[in-house]
Amino acid sequence: MPYPTVTEAARALGIHQSTLVTQINRLERDLGRPLIERAERGRRMRPTRFGRSVAAAVRKSGSGT
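Worth saying up front: this structure is predicted, and the values here are computed from it rather than measured.

Chemist: Just checking my understanding: could you explain the overall build of the chain for this structure?
Modeler: Helices and strands together make up the secondary structure of the chain, namely 3 helices and 2 strands. The order of α-helices and β-strands along the chain, N terminus first, is α-α-β-β-α. For the chain, the spread of C-alpha atoms along the three principal axes comes to 30 × 25 × 20 Å. For the chain, the residues scored as buried account for 20% of the 65 residues in total. Residue pairs at least 24 apart in sequence account for 28% of intrachain contacts in the chain once pairs closer than 6 positions are excluded. Total accessible area computed for the chain in this model is approximately 5,000 Å², and 53% of it derives from carbon and sulfur atoms.

Chemist: How should the side chain of Thr48 be read in this particular structure?
Modeler: Here Thr48 lies in the loop between β2 (46-47) and α3 (49-61). A distance of 2.9 Å separates the side chain of Thr48 from the backbone nitrogen of Gly51, its partner in a polar contact.

Chemist: Whenever I open this one, the nonpolar core confuses me. Can you help?
Modeler: Among soluble globular proteins, nonpolar side chains are generally buried collectively. Val6, Ala9, Ala10, Leu20, Ile24, Leu35, Ile36, Met45 and Phe50 form the largest nonpolar core, which has 9 residues in total. Broken down by secondary-structure element, the contributors of at least two residues to this core are α1 (6-13) and α2 (17-31). No other element matches the 3 residues that α1 contributes to this core. If near-sequence neighbours (up to four positions away) are discounted, Ile24 is found in contact with Val6, Ile36 and Arg38.

The rules we used
Residues numbered from 1 in each chain as written. Predicted model: local features only at pLDDT ≥ 70, side-chain atom pairs only at ≥ 80, totals over all residues. Heavy atoms only, no water. Helix = DSSP H or I, 4+ residues; strand = E, 2+ residues; numbered from the N terminus. Buried < 20%, exposed > 50% of the residue type's maximum accessible area, 1.4 Å probe, protein only. Contact = heavy atoms within 4.5 Å. Areas by Shrake-Rupley, 256 points an atom, 1.4 Å probe, with all protein chains shown as cover. Polar contact = N/O pair within 3.5 Å; in protein donor to acceptor, adjacent residues only side chain to side chain. Core = buried A, V, L, I, M, F, W, Y, C linked by side-chain atoms within 4.5 Å.

Shown next as C-alpha cells:
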C-alpha cells in the first residue's frame, strides 16, 4: 500500500497494471469484501479497514514476503 495508484504499484512489482487489477479483483471476490479504495483524481488509493486487517494477518503469519 505504499504506492498511490495501482499503476505505480504494478510498475514497482514489474508486472502489468491489468495483471495486478485482476489479482486484486480476484482476492476481493474470494474474500467477499473490498481490500482497497481505488485512487481517484487527487486522492491516493488506500486500504479499507478490511484490507488493513488482511494485511496485518498476512504480516503476522510471516507470509507477507
